[in-house]
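Listed below are the residues making up each chain.
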Amino acid sequence: ESPWSELGGEKLADPFYPRFWPERLEELHGRNRAIMNGLCPPERGIFVCDMSDLFGIGIPEDWTREVLNAIEMNGGYDRFYLLTKQPQNLIKWKFPDNCWVGATATNSLMFQSAAKHLKVIKAQVKYISLEPLLDWATIGKANWDSCLPSINQLIIGAQTNPTVFPKISWVQEIVEAANRAGVPVFLKDNLLELVNYQSPETEFAFNKGFYRQEQPKPHGYRAARGVAPRSPDAPIAEEAIRRGRGI
């Protein structure tokens, strides 16, 4: 395969060809050195490869290893959010305690597959992102009981550009199953238009009058410091809470 494609006889860079930017990783190495030297920059939540997939098909394992090594050197100071569409590849890796490891699912079959693969890995926080939630078939109590014990958070959202909302009944089933298992639920802001603050049918989307944007329980390094971890959407969560009922 080639990193180049042809359009009208002209060679153009293929935007989907895997690339590695060592200068971006050097930014993290520099931050790690500062932390080790006693400097205390503000803690950060870092979404790793937010426009790519560190565990995707065709990504050289040397690249993945180099990134995870840099995260390990961070010493738990920051939080690193990893999200993949290829959860079967996660078993190959050992994750530092400051990694939140997640898988994307757009329907109930992908959800069950993601839960199965997350169950067999070790990570302090494991989550499934149901964004966009495009389809859902009721999976039954036995399957829920099998899927949820290994999950620390469920994220649910709509498709955007163009906007396609999931059915209310799909979201309700997922949220209610998470409630029974004690799993925090994070409803993305793009679902706000779907739920009606005054409708009894969407009470499941609120907790004590606030829109459900819940975080996993503290753990590891940050738990020892008494600080609850924040998700990559924490600023969005705070804004949604300000817009929720009871404010």
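Structure: see above.
Sequence order sets the numbering: in each chain, residues are counted from 1 along the sequence as written. Confidence filtering applies because this is a predicted model: local features only for residues at pLDDT of at least 70, side-chain atom pairs given and counted only at 80 or more, and all residues used for totals across whole chains, interfaces and linings. As a convention, hydrogens and water are excluded, and side-chain values are obtained from all of the structure's heavy atoms.

Q: Hey, could you run me through the packing of aromatic side chains in this one?
A: Between two aromatic rings, the relevant description is the distance of the centres plus the angle of the planes. Between rings of Phe, Tyr and Trp, where Trp is taken as its six-membered ring, a pair exists when centres lie within 6.5 Å; planes separated by under 30 degrees are stacked, by over 60 edge-to-face, and by other angles tilted. Applying the stated criterion across every chain yields a total of seven aromatic pairs. Pairing Tyr81 with Trp100 gives two aromatic rings, centres 5.1 Å apart and planes at 85°, and the pair type is edge-to-face. Taken together, the residues span a long stretch of sequence, with Tyr81 in strand E4 (residues 79–84) and Trp100 in strand E5 (residues 99–104) at a distance of 19 residues. Exposure categories follow from relative accessible area, calculated using a 1.4 Å probe and restricted to protein chains: below 20% of the type maximum is buried, above 50% is exposed, and the middle band is partly exposed. Using a relative accessible area of 1% as the deciding quantity, one classes Trp100 as buried. With a centroid separation of 5.8 Å and an interplanar angle of 25°, the aromatic rings of Trp136 and Trp144 are classed as stacked. Every helix listed is a DSSP run of H or I at least four residues long, and every strand listed is a run of E at least two residues long, numbered separately from the N terminus.

Q: Would you mind going over helix H1 (residues 22–36) with me for this structure?
A: With 15 residues, H1 should cover 21 Å at 1.5 Å per step; its first-to-last C-alpha distance of 21 Å lies within 8% of that length. Of all the residues in H1, the buried ones are Leu25, Leu28, His29, Arg31, Asn32 and Ile35. Each buried residue of H1 lies within a common arc of 160° when the element is viewed along its axis, so the set occupies one face. Any two residues whose heavy atoms approach within 4.5 Å at even a single point are treated as in contact. In the core, the buried residues of H1 are packed alongside helix H2 (61–73) and E4. Downstream of H1 by one or two residues, Gly38 has phi in the positive range, about 95°. The span expected for a helix works out to 1.5 Å for each residue beyond the first. The arc in question is the one spanned by the directions pointing from the helix axis to the C-beta atoms.

Q: What should I look at first to understand the pairing of strand E7 (residues 153–156) in this one?
A: When a strand is regular, its side chains alternate between the sheet's two faces. Where burial is concerned, the two faces of E7 agree: the one with Gln153 and Ile155 and the one with Leu154 and Ile156 are both buried. Note that strand E6 (residues 125–130) and E7 share four bridges and pair parallel. Looking at E7, one finds that Ser129 is bridged to Ile155. Here, the term right-handed applies to a crossover whose path from the first strand over the helix to the second runs clockwise when the strands point away from the viewer. Once you follow E6 into helix H4 (residues 140–147) and on to E7, the crossover reads as right-handed. Bridge analysis of E7 against strand E8 (residues 185–187) gives three bridges, and the strand direction is parallel. By the bridge assignment for E8, Ile156 is matched with Leu187. Since E7 and E8 lie parallel, the crossover through helix H5 (residues 168–181) that links them has a hand, and here it is right-handed. Strands qualify as paired when DSSP identifies two bridges or more between them.

Q: Help me understand the packing of helix H3 (residues 108–119) against H4 in this model?
A: Helix packing geometry: the angle between the two helix axes and the distance between the axes. At their nearest, the axes of H3 and H4 sit 9 Å apart, and the two run at 35° to each other. Between H3 and H4, the residues in contact are Phe111, Gln112, Ala115 and Lys119 and Asn143, Trp144, Ser146 and Cys147, respectively. Residues of the contact of H3 with H4, tallied by class, amount to four nonpolar, three polar and one charged. Fitted lines through C-alpha atoms serve as axes, helices being fitted only where they are in contact, and the angles separating the N-to-C directions of these axes extend from 0 to 180 degrees. Under the convention adopted here, Pro, Cys and the residues Ala, Val, Leu, Ile, Met, Phe, Trp and Tyr are nonpolar, Asp, Glu, Lys and Arg are charged, and Gly plus all remaining residues are polar.

Q: Looking at this structure, I do not really get the pattern of salt bridges. What am I missing?
A: Opposite charge on two side chains permits pairing when their charged atoms draw close. Each reported salt bridge corresponds to a side-chain nitrogen of Lys or Arg within 4 Å of a carboxyl oxygen of Asp or Glu. Counted according to the given criterion, the structure contains nine salt bridges. For Arg33, the salt bridge goes to Glu26, with nearest N and O atoms at 2.6 Å. Exposure remark for Arg33: the relative accessible area of 42% places this residue in the partly exposed category. Owing to a relative accessible area of 37%, Glu26 belongs among the partly exposed residues under this scheme. Counted as one network, the salt bridges with shared partners bring together Glu61, Asp62, Arg65 and Lys92.

Q: I tried to follow the sheet that holds E6 on my own but got confused; where do I start?
A: Sheets are built from strands paired through backbone hydrogen bonds, the pairs being either parallel or antiparallel. The sheet built from six strands is open, its strands ordered E3-E4-E5-E6-E7-E8 with parallel pairing. For this open sheet the edge positions go to strand E3 (45–47) and E8, each flanked by a neighbour on one side alone. Neighbour-to-neighbour, the strand axes of this sheet turn through a mean angle of 20°, independent of strand direction. When E4 meets E5, the two strands line up parallel, connected through five bridges. Looking at E5, one finds that Leu83 is bridged to Gly102. Against the sheet, H3 makes contact with E5, E6 and E7, and its axis sits at roughly 170° relative to E6, the strand it touches most.

Q: Is there a simple way to explain the packing of H1 against H2 in this structure?
A: Contact geometry of H1 with H2 gives a least axis separation of 9 Å together with a crossing angle of 20°. When the axis of H1 is compared with that of H2, the two are roughly parallel. The handedness of the crossing between H1 and H2 is left-handed. Counting all contacts with H1, which are made through Leu25, Leu28, His29 and Asn32, the residues of H2 involved are Glu66, Val67, Ala70, Ile71 and Met73. Roughly parallel here means an angle under 35 degrees, roughly antiparallel means over 145, roughly perpendicular means 65 to 115, and every remaining angle is called oblique. Left-handed describes a crossing whose near helix is turned anticlockwise from the far helix by less than a right angle; the clockwise case is right-handed.

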